[in-house]
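The residues making up each chain are set out below.
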Protein chains: 2
Amino acid sequence: MSELLSGKLVAESIKEETVRAVEELKKRGVEPKLKIIRVGENPSDLSYERGALKRMAGCDIKTEVLELDQGISQDDFIAELELVNKDDSVHGILIFRPLPKHIDENVVKYVVAPEKDVDCFSPINVAKVMEGDRSGFAPCTPSAVMEILGHYNIDLNGANTVVLGRSMVVGKPVSMLLLKENATVTICHSKTKDLSKVAAAADILIVGIGRAKMVNSQYVKEGAIVLDVGINVDENGKLCGDVDFEDCKNKAGMITPVPGGVGSVTTSVLAKHVIKACKLQIG
Amino acid sequence: MSELLSGKLVAESIKEETVRAVEELKKRGVEPKLKIIRVGENPSDLSYERGALKRMAGCDIKTEVLELDQGISQDDFIAELELVNKDDSVHGILIFRPLPKHIDENVVKYVVAPEKDVDCFSPINVAKVMEGDRSGFAPCTPSAVMEILGHYNIDLNGANTVVLGRSMVVGKPVSMLLLKENATVTICHSKTKDLSKVAAAADILIVGIGRAKMVNSQYVKEGAIVLDVGINVDENGKLCGDVDFEDCKNKAGMITPVPGGVGSVTTSVLAKHVIKACKLQIG
């Protein structure tokens, strides 16, 4: 059995750091606050929301949820968002996506205040991720990957890193974050030829493709470090990742489980981003 | 000798396409115009400007140069830029960079109108490049690389592509453009281990590292396609690329020369971007 990369341990460590930061802020009379904006009642949004509320409470960060009706017009949604942008008591904004189809994300993303945009919806933050400008906010999931790599002191300098997936929520931003840490990064996707062979060359393999247990031990080099971003439900109704954990756990040198891996760290990153946003805004 | 990827031929082809587009626009009463903003008299800016003016003239695109004094203050520069943003007769804006140190590019980049920003200075266009949103403008040099690949019908689908360099003007944006075309992309840089070995695995090798003739035949797989973005001056004062052309020309399957390669296409891309900007603005 390889070493388990425990998301829970990383989350605990970020929590401690965050609690201290909140204490400092409160001493200065500032109460950090996250506003979650949710349209409708999508079960996965509600599930994430519960986790986020619990985490923020644990970190002593105030959270408010703005629940909007599924049928809200784009104009009304934007008006609501602008009120939150302007509300000085709110430091971080998390908008659940995808939004209903009648609300154009390509319009809304330009409205959210970049300095409060703690999950990288605004193009200003997307550009900062690409530029390697740490003053912005990367999406929480790739940031969680980086937190785990950092917590376990995994040396990224010149490391041969392979990313499976090229989405804007995982693959592309995590590639940019890895590059910033001097990793060599190969970005793979559904059209990649000999995918398992490319993956099996990696020292560090980051998997975010959204297909349950697709990555088996053939994709993994002996001793490789494997981070699984996937959250799926398997044929028995149990949570599983994009990596076939049972098949890979002995071959990998270090591996994240699902659940208890990357997903456990995302709300901690969210808390950390709220603190960062708060500090930026109070100057 | 491998096949030469002639930038000049590609430029000629883009020019023909652009001339036709300008004719169409003029029939509609629109005269496409590029505004070049240059601060001071940097020789490399002046050299590029001469090339750009010649190319725009050849494409029948009007060009004006706004020459600003090297000592212009940041506020005055921004005021000038805002006037150009607002000038309806101007469709494309090219600002020579780097700007003098007392003008903060991280401020100015937010000022340039994204819809006129034909060389990807604005974060809005940076984000679009990362998102694969073709409504934006990629920087001219990586776009020139894509034009050459397209002109020679090089199949990028699943191709093992290696990019040497991770700059915001070449490496990162070209990687995003290649991903959009379904290439598998490995991004390498100065910290990459066994760089020549990684490069020599590539079907397609894009080199933008800014070191004269660094890439020799050890970096090139037999039959690989090599695009050299570098423009340097060698020990004899002659223009040369980042690739040692003489050493690689027989091993590569196809290769760009320097001069006459990627660099020959950038001003044609600039012309194409001005036309695209013009069409976007007139609706």
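Residues numbered from 1 in each chain as written. Chains lettered and ligands numbered in written order. Predicted model: local features only at pLDDT ≥ 70, side-chain atom pairs only at ≥ 80, totals over all residues. Heavy atoms only, no water.

As recorded by an unreviewed UniProt entry, chain A carries the name Bifunctional protein FolD and is attributed to Alkalibacter saccharofermentans DSM 14828. UniProt, in the comment section headed Pathway (unreviewed entry), describes chain A in these words: "One-carbon metabolism; tetrahydrofolate interconversion." What UniProt records for chain A under Function (unreviewed entry) is the sentence "Catalyzes the oxidation of 5,10-methylenetetrahydrofolate to 5,10-methenyltetrahydrofolate and then the hydrolysis of 5,10-methenyltetrahydrofolate to 10-formyltetrahydrofolate." (UniProt positions renumbered as here; feature names shortened; annotations may be inferred.)

A. Inspection of the overall build of chain A at higher detail. On a plain count of helices and strands, chain A comes out with ten helices and eleven strands. The buried share of chain A, taken over its 283 residues, is 54%. Counted over contacts in chain A with a minimum sequence separation of 6, partners at least 24 positions apart contribute 70%. Summed over all atoms, the accessible surface of chain A reaches about 12000 Å², with 48% contributed by carbon and sulfur. Charged side chains in chain A number 35 positive and 40 negative. The centres of these two groups are separated by 3 Å. (Helix = DSSP H or I, 4+ residues; strand = E, 2+ residues; numbered from the N terminus. Buried < 20%, exposed > 50% of the residue type's maximum accessible area, 1.4 Å probe, protein only. Contact = heavy atoms within 4.5 Å. Areas by Shrake-Rupley, 256 points an atom, 1.4 Å probe, with all protein chains shown as cover. Lys, Arg positive; Asp, Glu negative; His and termini not counted. Charge placed at Lys NZ, Arg CZ, Asp CG, Glu CD.)

B. How the structure looks around the interface of chain A and chain B. Each side of the interface is counted separately: chain A has 31 residues, and chain B has 31 residues. Summing the contributions of chain A and of chain B, the shared interface buries around 2800 Å²; its carbon and sulfur component is 61%. Contact with chain B buries surface across chain A, with A:Met130, A:Glu131 and A:Leu179 losing the most and accounting together for 22% of the total. At the junction of chain A and chain B, the tally comes to two salt bridges. One salt bridge connects B:Glu131 with A:Lys109, and the closest N-O pair in it is separated by 3.1 Å. With eight residues, helix H5 (residues 123-131) of chain A is the single largest residue contributor to the side of chain A that touches chain B. Judged from the three bridges that link them, strand E6 (residues 184-188) of chain A and strand E6 (residues 184-188) of chain B form a sheet pairing that is antiparallel. Paired with A:Ile187 across the bridge in E6(B) is B:Val185. (Buried area = accessible area lost by both parts, 1.4 Å probe. Salt bridge = Lys/Arg side-chain N within 4 Å of Asp/Glu carboxyl O. Pairing = 2+ DSSP bridges.)

C. Structural context of the packing of aromatic side chains. Residue and element names in this part refer to chain A. Taken as a whole and assessed by the stated rule, the structure comprises two aromatic pairs over all chains. A centroid spacing of 6.1 Å and a plane angle of 85° characterise the contact between Tyr48 and Phe96, whose relative ring orientation is edge-to-face. Placement of Tyr48 in helix H2 (residues 43-58) and of Phe96 in the loop between strand E4 (92-95) and helix H4 (105-108) is noted, with a sequence separation of 48 residues between them. For Tyr48, a relative accessible area of 26% puts it in the partly exposed group. (Phe/Tyr/Trp six-rings, centres within 6.5 Å; stacked < 30°, edge-to-face > 60°.)

D. Region of the structure containing the relation of the copies chain A and chain B. If you rotate chain A by 180° and push it 0.0 Å along the axis, it lands on chain B with an RMSD of 0.0 Å. In short, the pair behaves as if placed about a two-fold rotation axis. When C-alpha positions in chain A are compared against the rotation axis, the closest is assigned to A:Thr186, at 2.0 Å. In this assembly, 100% of the residues forming the interface of chain A have copies in chain B that are likewise at the interface, indicating an isologous arrangement. (Least-squares fit on C-alpha atoms with pLDDT ≥ 70 in both.)

E. Main features of a nonpolar patch on the surface. All names here are of chain A. Taken together, Ile231, Val233 and Leu239 make up a surface patch of nonpolar side chains, about 300 Å² in accessible area. You can see Leu239 is positioned in strand E10 (residues 239-240). Here Leu239 falls in the partly exposed class, since its relative accessible area comes to 46%. (Patch = residues over 30% accessible without salt bridge, like charges linked within 9 Å, V, L, I, M, F, W, Y side chains within 5 Å.)

F. Main features of the pairing of strand E8 (residues 225-228) of chain B. Residues and elements named next belong to chain B. Where burial is concerned, the two faces of E8 agree: the one with Ile225 and Leu227 and the one with Val226 and Asp228 are both buried. Direction of pairing for strand E7 (residues 204-207) relative to E8: parallel, over a ladder of four bridges. Its bridge partner lying in E8, Ile206 is registered against Leu227. In this structure, E8 lies alongside strand E11 (residues 254-255), joined through two bridges in parallel fashion. In the strand pairing of E11, Ile225 is matched with Met254.

G. Focus on the state of the cysteines. With the rule as written, the count across this model stands at zero disulfides over all chains. The thiol of B:Cys278 is not disulfide-bonded; the next cysteine sulfur, from B:Cys59, is found 13 Å away. (Disulfide = S-S within 2.5 Å.)

H. Quick look at helix H7 (residues 171-180) of chain A. H7(A) sits mainly inside the fold: nine of its ten residues count as buried. Every buried residue of H7(A) is accounted for by A:Gly171, A:Lys172, A:Pro173, A:Val174, A:Ser175, A:Met176, A:Leu177, A:Leu178 and A:Leu179.

I. Main features of the pattern of salt bridges. All told, the structure shown has 26 salt bridges over all chains when counted by the stated rule. With its nearest N and O atoms 3.6 Å apart, the salt bridge here joins A:Lys27 to A:Glu24. Placement of both A:Lys27 and A:Glu24 in helix H1 (residues 7-27) is noted, with a separation of three residues, approximately one turn of the helix. Assessed through its relative accessible area of 47%, A:Glu24 is described here as partly exposed. A salt bridge links B:Lys272 to B:Glu17; the nearest nitrogen and oxygen atoms lie 3.5 Å apart. You can see B:Lys272 sitting in helix H10 (residues 263-282) and its partner B:Glu17 sitting in helix H1 (residues 7-27), a full 255 residues away along the chain. Salt bridges sharing common partners tie together A:Glu17, A:Glu147 and A:Lys272.

J. Representation of the domain arrangement of chain A in the model. One can read the domain layout of chain A as domain 1 (29-113) and domain 2 (140-263). Here domain 1 of chain A and domain 2 of chain A have C-alpha centroids that lie 29 Å from each other. (Domains from an automatic or database assignment.)

K. Expanded view of the packing of helix H6 (residues 140-151) of chain B against H10(B). All names here are of chain B. The N-to-C vectors of H6 and H10 enclose an angle of 100°; their axes lie 8 Å apart at closest approach. The angle between the axes of H6 and H10 places the two elements in the roughly perpendicular class. Here Cys140, Thr141, Ser143, Ala144, Glu147 and Ile148 of H6 come into contact with H10, specifically with Val265, Thr266, Val269, Leu270, Lys272 and His273. Among the residues making up the contact of H6 with H10, the classes are represented as six nonpolar, four polar and two charged. (Axes fitted to C-alpha atoms, helices over the stretch in contact; angles between N-to-C directions. Parallel < 35°, antiparallel > 145°, perpendicular 65-115°, else oblique. Nonpolar A, V, L, I, M, F, W, Y, C, P; charged D, E, K, R; others polar.)

L. View of the UniProt feature "binding site: NADP(+)" (unreviewed entry) in chain A. Within this structure's numbering, the places UniProt gives as "binding site: NADP(+)" (unreviewed entry) are A:Gly165, A:Arg166, A:Ser167 and A:Ile231. Tracing the backbone shows A:Arg166 in the loop between strand E5 (160-164) and H7. Under the relative-accessibility criterion, A:Arg166 is labelled partly exposed at 24%. Excluding residues that lie within four positions of it along the chain, A:Arg166 makes contacts with A:Gly171, A:Lys172, A:Ile187, A:Cys188, A:His189, A:Ser190, A:Lys191, B:Leu179 and B:Asn182. A polar contact is formed between the side chain of A:Arg166 and the backbone oxygen of B:Leu179, at a distance of 2.7 Å. Note on placement: A:Ser167 falls in the loop between E5 and H7. The residues contacting A:Ser167, other than those within four sequence positions of it, are A:Lys172 and A:Pro173. (Polar contact = N/O pair within 3.5 Å; in protein donor to acceptor, adjacent residues only side chain to side chain.)

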